[in-house]
Amino acid sequence: MNFEILIPITLFICIVYAIKVIVDARVRRQMVTVGGSEELVRSVLQGDELRRRHSSLHWGIVLVALAIGFGLIQAFGWQDLTPGMVAVLAGATGLGNLVFYAIARKLA
């Protein structure tokens, strides 16, 4: 496998993420310095915190569902890539997303 192509892709992703973080921080700083109401700033920060928690919950559920899918593949002894194997992984991912949706609705 040609891993040399992963270096520029990873670098691009890191640069984009760094720009996003800097822009978000500047927007928050401007909101505070311009005289945004304390209630507005608090609601924005609480919304960000809630979104981060939901993101962690989402990826945790999806990764556990994928782990169960890989465990099923191992338990059945499948060695070759077949449509059934891909279906198990896609189904596990979809099931994880549906479980997250149900949990997020109960939390909201």
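For the structure, see preceding data.
Residues numbered from 1 in each chain as written. Predicted model: local features only at pLDDT ≥ 70, side-chain atom pairs only at ≥ 80, totals over all residues. Heavy atoms only, no water.

(A) Fine view of a nonpolar patch on the surface. Side chains of F3, I5, L6, I9, F12, I13 and V16 sit close together on the surface and give an oily, nonpolar patch of about 700 Å² of accessible area. Note that I13 resides in helix α1 (residues 6-34). (Patch = residues over 30% accessible without salt bridge, like charges linked within 9 Å, V, L, I, M, F, W, Y side chains within 5 Å. Areas by Shrake-Rupley, 256 points an atom, 1.4 Å probe, with all protein chains shown as cover. Salt bridge = Lys/Arg side-chain N within 4 Å of Asp/Glu carboxyl O. Helix = DSSP H or I, 4+ residues; strand = E, 2+ residues; numbered from the N terminus.)

(B) Just the packing of α1 against helix α2 (residues 38-76), in detail. Interhelical geometry of α1 versus α2 gives an angle of 160° and a closest axis separation of 10 Å. When the interaxial angle is binned, α1 and α2 end up roughly antiparallel. Seen along the crossing, α1 lies across α2 with a hand that is left-handed. Residues R28, M31 and V32 of α1 form the contact with α2, whose own contacting residues are L40, V41, V44, L45 and D48. Among the residues forming the contact of α1 with α2, the class breakdown is six nonpolar, no polar and two charged. (Axes fitted to C-alpha atoms, helices over the stretch in contact; angles between N-to-C directions. Parallel < 35°, antiparallel > 145°, perpendicular 65-115°, else oblique. Left-handed = near helix turned anticlockwise from the far one by under 90°. Contact = heavy atoms within 4.5 Å. Nonpolar A, V, L, I, M, F, W, Y, C, P; charged D, E, K, R; others polar.)

(C) Inspection of the pattern of salt bridges at higher detail. This model, assessed by the stated rule, comprises two salt bridges. Across the salt bridge formed by K20 and D24, the nearest N and O atoms sit 2.9 Å from each other. One end of the pair is K20 and the other is D24, both in helix α1 and four residues apart, which spans about a single turn. Here E49 and R53 are joined by a salt bridge, their closest N and O atoms 3.9 Å apart. Within this pair, E49 and its partner R53 are both found in helix α2, separated by four residues, close to a single helical turn. Of the residues examined, E49 reaches a relative accessible area of 41% and is grouped as partly exposed. (Buried < 20%, exposed > 50% of the residue type's maximum accessible area, 1.4 Å probe, protein only.)

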